[in-house]
Amino acid sequence: MKNNIMISWLAQVLVVFILGQTLYFKFTDAPDVVTLFAKLNMGPVGYKLIGFLELVACILLLSPKVVVWGAILSWGVMSGAVIGHITKIGFAGEMGAMGGMAIAAWLLSSFIIFLRRNQVSFISNMFGAKKQEN
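Residues numbered from 1 in each chain as written. Predicted model: local features only at pLDDT ≥ 70, side-chain atom pairs only at ≥ 80, totals over all residues. Heavy atoms only, no water.

### Observations concerning the overall build of the protein
Piece 1. Each helix and strand in the protein was counted, giving 6 helices and 0 strands.
Piece 2. Traced from its N-terminal end to its C-terminal end, the protein shows the element sequence α-α-α-α-α-α.
Piece 3. In terms of overall size, the protein behaves like a compact globule, its C-alpha atoms giving a radius of gyration of 16 Å where 134 residues would be expected to give roughly 14 Å.
Piece 4. If you line up the protein on its principal axes, its C-alpha atoms span 45 × 25 × 25 Å.
Piece 5. Taken across its 134 residues, the protein has 37% of its residues classed as buried.
Piece 6. Across the protein, every contact between residues at least 6 apart in sequence was considered, and the portion connecting residues at least 24 apart equals 62%. (Helix = DSSP H or I, 4+ residues; strand = E, 2+ residues; numbered from the N terminus. Rg over C-alpha atoms; globule rule 2.2 N^0.38 Å. Buried < 20%, exposed > 50% of the residue type's maximum accessible area, 1.4 Å probe, protein only. Contact = heavy atoms within 4.5 Å.)

Okay, here's the thing in structure tokens:
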């Protein structure tokens, strides 16, 4: 169990790094962000909302009692990012690196949810685990 927590923390820090590095650009209307979200038919409200959700996810991922909720939020936001890359943005050039980071954050978030599945009843019930505080 202790190893799971250590591994989870490593994954959490990686997700925070991935999500956190783009926040500045979303909140300052960086030209690349404007162009990227235009491909998704989303304007400033869209990318600022997503930036806000990513910021909340980062805070939750670093808060021991609510880590799993940060991972769930991150998983949801990154699901949208991955779908956006698959359907409209693509993976060519610089977009490939961004898409790869979204996939990495999605996989890491999934892994954190699995490692901490005992902290949320509906998830632990899906995996047959008993709910524990941690």
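### With respect to unusual backbone geometry
Piece 1. Located in the positive-phi region is aspartate 29, a residue other than glycine, with phi close to 55°.
Piece 2. Mapped onto the secondary structure, aspartate 29 falls in the loop between α1 (2–27) and α2 (31–39).

### So, the nonpolar core
Piece 1. Val15, Leu19, Phe37, Leu61, Met78 and Ile112 are the most contacted members of the largest nonpolar core, which has 29 residues in total.
Piece 2. For this core, the elements supplying multiple residues, two or more each, are α1, α2, α3 (44–61), α4 (67–89) and α5 (94–115).
Piece 3. Excluding anything up to four places from it in sequence, leucine 19 contacts Glu54, Ala57, Cys58, Ser74 and Met78. (Core = buried A, V, L, I, M, F, W, Y, C linked by side-chain atoms within 4.5 Å.)

### A word on α2
Given 3.6 residues per turn, any residue in an α-helix points the same way as the ones three and four places further on.
Piece 1. Inspection of α2 places Val33, Leu36 and Phe37 among the buried residues, and these make up the whole buried set. Within α2, the buried residues cover an arc of 90° as seen down the axis, which keeps them to one side.
Piece 2. Structurally, α2 contributes buried residues whose contacts are with α1, α3, α4 and α5.
Piece 3. Just past α2, the residue asparagine 41 takes up positive phi, approximately 60°. (Arc of directions from axis to C-beta.)

### Section: the packing of aromatic side chains
Piece 1. Summed over all chains, the structure comprises 3 aromatic pairs.
Piece 2. Ring geometry for tyrosine 24 versus phenylalanine 25: centroids 5.5 Å apart, planes at 80°, classification edge-to-face.
Piece 3. For phenylalanine 25, a relative accessible area of 42% puts it in the partly exposed group.
Piece 4. In this structure, arginine 117 is placed above the aromatic ring of phenylalanine 114, and the distance from its NZ or CZ to the ring centre is 4.1 Å. (Phe/Tyr/Trp six-rings, centres within 6.5 Å; stacked < 30°, edge-to-face > 60°. Lys NZ or Arg CZ within 6 Å of the ring centre and 35° of its normal.)

### Here's the deal with the environment of leucine 23
Piece 1. Summarising the element assignment, leucine 23 is placed in helix α1.
Piece 2. Between the C-alpha atom of leucine 23 and that of asparagine 118, which follows or precedes it by 95 residues, the distance is 30 Å.
Piece 3. The residues touching leucine 23, leaving out its near neighbours within four places in the chain, are Gly51, Glu54 and Leu55.

### Focus: the packing of α1 against α5
When two helices pack together, their arrangement is given by the angle between the helix axes and by the axis-to-axis distance.
Piece 1. Across the interface, α1 lies against α5 with an axial gap of 9 Å and an inter-helix angle of 150°. Regarding the angle of α1 to α5, the classification is roughly antiparallel. Every pair of crossing elements has a handedness; the one defined by α1 and α5 is left-handed. Seen from α1, the contacting residues are Asn4, Ile7, Ser8, Ala11, Gln12, Leu14, Val15, Ile18 and Gln21; seen from α5, they are Met101, Ala104, Ala105, Leu108, Ser109, Phe111, Ile112 and Leu115.
Piece 2. Grouping the constituent residues of the contact of α1 with α5 by class yields 12 nonpolar, 5 polar and no charged. (Axes fitted to C-alpha atoms, helices over the stretch in contact; angles between N-to-C directions. Parallel < 35°, antiparallel > 145°, perpendicular 65-115°, else oblique. Left-handed = near helix turned anticlockwise from the far one by under 90°. Nonpolar A, V, L, I, M, F, W, Y, C, P; charged D, E, K, R; others polar.)

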